[in-house]
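A structural walkthrough
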Amino acid sequence: QRIAMARLFYHKPKYAILDECTSSVGMDIEKIMYTHSQDLGISLITVSHRPTLWKYHNWILQVKYKLI
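Residues numbered from 1 in each chain as written. Predicted model: local features only at pLDDT ≥ 70, side-chain atom pairs only at ≥ 80, totals over all residues. Heavy atoms only, no water.

1. Considering the pairing of strand 1 (residues 15-19)
Sheet faces and side chains relate simply in a regular strand, where the side chains alternate between the two faces. To keep it simple, the criterion reads: Buried means the residue's accessible area, taken with a 1.4 Å probe over protein chains only, is under 20% of the maximum for its type, while exposed means over 50%, and partly exposed covers the values in between. Helix numbers and strand numbers start at the N terminus; a helix is a DSSP run of H or I with at least 4 residues, a strand a run of E with at least 2. With strands facing away from the observer, any crossover in which the path from the first strand over the helix to the second runs clockwise is taken as right-handed.
Side-chain alternation along strand 1 places Ala-16 and Leu-18 on a buried face and Tyr-15, Ile-17 and Asp-19 on a face that remains uncovered. Handedness of the crossover is the feature at issue here: the chain leaves strand 1, passes through helix 2 (residues 27-39), returns alongside strand 2 (residues 43-47), and the resulting connection is right-handed.

2. Here we look at helix 2
Definition in use: Helix span, expected: 1.5 Å multiplied by one less than the number of residues in the helix. Regarding the arc, it is the one traced by the directions from the helix axis to the C-beta atoms. Any two residues having at least one pair of non-hydrogen atoms within 4.5 Å are treated as being in contact.
A rise of 1.5 Å per residue sets the reference length of helix 2, with its 13 residues, at 18 Å; its end C-alpha atoms lie 18 Å apart and thus fit the reference within 8%. Along helix 2, the residues classified as buried are Glu-30, Met-33, Tyr-34 and Ser-37. In a view along the axis of helix 2, the buried residues occupy a sector of 85 degrees, so they form one face of it. Summarising the geometry of helix 2, the exposed residues directed more than 90 degrees from the buried face are Asp-28, Ile-32 and Asp-39. Buried residues belonging to helix 2 abut helix 1 (2-11), strand 1 and strand 2. Phi for Gly-41, located one or two positions after helix 2, is positive at around 80 degrees.

As far as function goes, none of this settles anything; it's purely spatial.
Below, the structure written as C-alpha cells:
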C-alpha cells in the first residue's frame, strides 16, 4: 500500500479512488498519506471501514445494511 501511495504521489492525478488503502498502516502514516495528497491537489474517493479517515474528506456516504 505504501508503494501504491508513492505511485499516486509520483503521477499526481486529479483524482484517485482508494480502496482500503490504509488497512495495514498506522494512523501516523495515514495522516501523512492523506495530507500529502491534499497538498498535491489530488481529490480522493475512499472506500474504508476506518472512521478516522472522515476528517480528510468533505463528504461522507455511509452505507448501512441489515442482513435478513
